[in-house]
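The primary structure of each chain is shown beneath.
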Amino acid sequence: SQQGEEDPQALSIQEGENATMNCSYKTSINNLQWYRQNSGRGLVHLILIRSNEREKHSGRLRVTLDTSKKSSSLLITASRAADTASYFCATDGNQGGKLIFGQGTELSVKP
Amino acid sequence: EAQVTQNPRYLITVTGKKLTVTCSQNMNHEYMSWYRQDPGLGLRQIYYSMNVEVTDKGDVPEGYKVSRKEKRNFPLILESPSPNQTSLYFCASGEGAWTEAFFGQGTRLTVV
């Protein structure tokens, strides 16, 4: 089952612009995480936001969480060509040891 | 260096020939998990382990086996691989199921 669904599936922007990706999920959660994947490589953890948090920052990353709407957004400010990657949200879905990933947003940042 | 190591990185095999993909972590993590990644389907969890000798099914466990005899190792076993198991496989570990997960570099498996 796909707990997290990212939107858009693909996003193309110019260097310096901001990139916003959204994630929706279906069931209650304990936390939500965002990961980044460079082409075909292992995922790298970016940020974790707990269900009782509404916003979290890490460098150029800003994550928001709206549990009433079951949605989260990841904002990358002042994007760089090196930010080109796929971005995934992951939730626990309150399902024991499961960690459920969405299908990802493919971000392309053009220099 | 803290890492999750998968082997092999690439594997081409024939239908029905048993294979094992190894996964080892050096962070003393209790939680380990296997995923497969297919185009358009994202990452899907195959099996996970909350601790030694404790394993449980993820969303797509059919055709796979795992074992957790030691904390650091979590091998993925395909007893009789089929072409629909051709995929990119990732192992991950973490302090717990709901904490930051550390991923291996992936194993690209082709079953012909």
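This structure is a prediction, so every number in the text was calculated from the model and none was measured.

Here is what the cut-offs are and how they apply
- Residues numbered from 1 in each chain as written.
- Chains lettered and ligands numbered in written order.
- Predicted model: local features only at pLDDT ≥ 70, side-chain atom pairs only at ≥ 80, totals over all residues.
- Heavy atoms only, no water.
- Pairing = 2+ DSSP bridges.
- Helix = DSSP H or I, 4+ residues; strand = E, 2+ residues; numbered from the N terminus.
- Phe/Tyr/Trp six-rings, centres within 6.5 Å; stacked < 30°, edge-to-face > 60°.
- Buried < 20%, exposed > 50% of the residue type's maximum accessible area, 1.4 Å probe, protein only.
- Salt bridge = Lys/Arg side-chain N within 4 Å of Asp/Glu carboxyl O.
- Contact = heavy atoms within 4.5 Å.
- Polar contact = N/O pair within 3.5 Å; in protein donor to acceptor, adjacent residues only side chain to side chain.
- Nonpolar A, V, L, I, M, F, W, Y, C, P; charged D, E, K, R; others polar.
- Disulfide = S-S within 2.5 Å.

**What to know about the sheet that holds strand β1 (residues 4-7) of chain B**
Residues and elements named next belong to chain B. If you walk across this open sheet you meet the four strands as β1-β3-β8-β7, and the pairing is antiparallel. Taken across any chain shown, the strands that pair with only one partner, and hence form the sheet edges, are β1 and β7 (65-66). For β7 and strand β8 (residues 76-78), the ladder comprises two bridges, and the chain directions are antiparallel. Each bridged residue has a counterpart across the sheet, and for Lys 65 the counterpart in β8 is Ile 77.

**Concerning the packing of aromatic side chains**
Across all of its chains, the model carries eight aromatic pairs over all chains by this definition. On the basis of an interplanar angle of 75° and a centroid distance of 5.7 Å, the ring pair of A:Tyr35 and B:Phe103 is categorised as edge-to-face. With A:Tyr35 in strand β4 (residues 31-37) and B:Phe103 in strand β10 (residues 102-103), this residue pair bridges two chains. Owing to a relative accessible area of 0%, A:Tyr35 belongs among the buried residues under this scheme. When the centroid spacing of 6.3 Å and the interplanar angle of 75° are considered together, the rings of B:Phe90 and B:Phe103 count as edge-to-face. Residue B:Phe90 is located in strand β9 (residues 87-94), and its partner B:Phe103 is located in strand β10; the two are separated by 13 residues in the primary sequence. Through pairs of rings, three or more aromatic residues link up here, namely A:Tyr35, A:Phe101, B:Tyr35, B:Phe90 and B:Phe103.

**Looking at the pattern of salt bridges**
All names here are of chain A. The final tally for this structure, using the stated rule, is nine salt bridges over all chains. A salt bridge links Asp 83 to Arg 36; the nearest nitrogen and oxygen atoms lie 3.9 Å apart. Remark: Arg 36 occurs in strand β4 and Asp 83 occurs in the loop between β8 (71-76) and β9 (85-91); sequence separation between them is 47 residues. Residue Glu 55 is joined to Arg 62 by a salt bridge in which the shortest nitrogen-to-oxygen separation is 3.2 Å.

**Describing the interface of chain A and chain B**
Between chain A and chain B, the contact holds 24 residues from the first and 24 residues from the second. Scanning the region where chain A abuts chain B turns up one salt bridge. Its salt-bridge partner being A:Lys98, residue B:Asp59 comes within 3.1 Å of it at the nearest N-O pair. One can count eight residue pairs in polar contact (both at pLDDT 80 or more) joining chain A with chain B. Looking at the side of chain A that touches chain B, the elements with two or more residues in it are β4, β5 (43-50) and β10 (100-101) of chain A. Looking at the side of chain A that touches chain B, the element that brings in the most residues is β4(A), giving four residues. Residues of the side of chain A that touches chain B, tallied by class, amount to seven nonpolar, 14 polar and three charged.

**Concerning unusual backbone geometry**
Note: most peptide bonds trans; most residues except glycine with negative phi. The residue after A:Asp7, namely A:Pro8, is reached through a cis peptide bond having omega 0°. With respect to the helices and strands, the residue A:Pro8 is situated in the loop between β1 (5-7) and β2 (10-14). Here the amide bond leading from B:Asn7 into B:Pro8 is cis, since omega sits at -5°, within 30 degrees of zero. Here B:Pro8 is to be found in the loop between β1 and β2 (10-13). Its identity is not glycine, yet A:Lys70 carries a phi of approximately 50°, on the positive side. Looking at where A:Lys70 falls in the secondary structure, it is placed in the loop between β7 (61-66) and β8. Positive phi values are uncommon outside glycine, yet A:Ala78 reaches one of about 45°. Summarising the element assignment, A:Ala78 is placed in the loop between β8 and β9.

**Comments concerning the state of the cysteines**
Applying the stated criterion to the full structure yields two disulfides over all chains. There is a disulfide in this structure between A:Cys23 and A:Cys89, and the S-S distance comes to 2.1 Å. Between A:Cys23 and A:Cys89 the disulfide shows an S-S torsion of about 65°. By sign, it is right-handed. In this pair, A:Cys23 is assigned in strand β3 (residues 19-24) and A:Cys89 in strand β9, connecting sequence segments 66 residues apart. For A:Cys23, a relative accessible area of 2% corresponds to the buried category. The disulfide partner of B:Cys23 is B:Cys91, and the S-S distance across this bridge is 1.8 Å. The disulfide joining B:Cys23 to B:Cys91 has a torsion of about -75° about its S-S bond and is therefore left-handed.

By themselves these figures say nothing about function.
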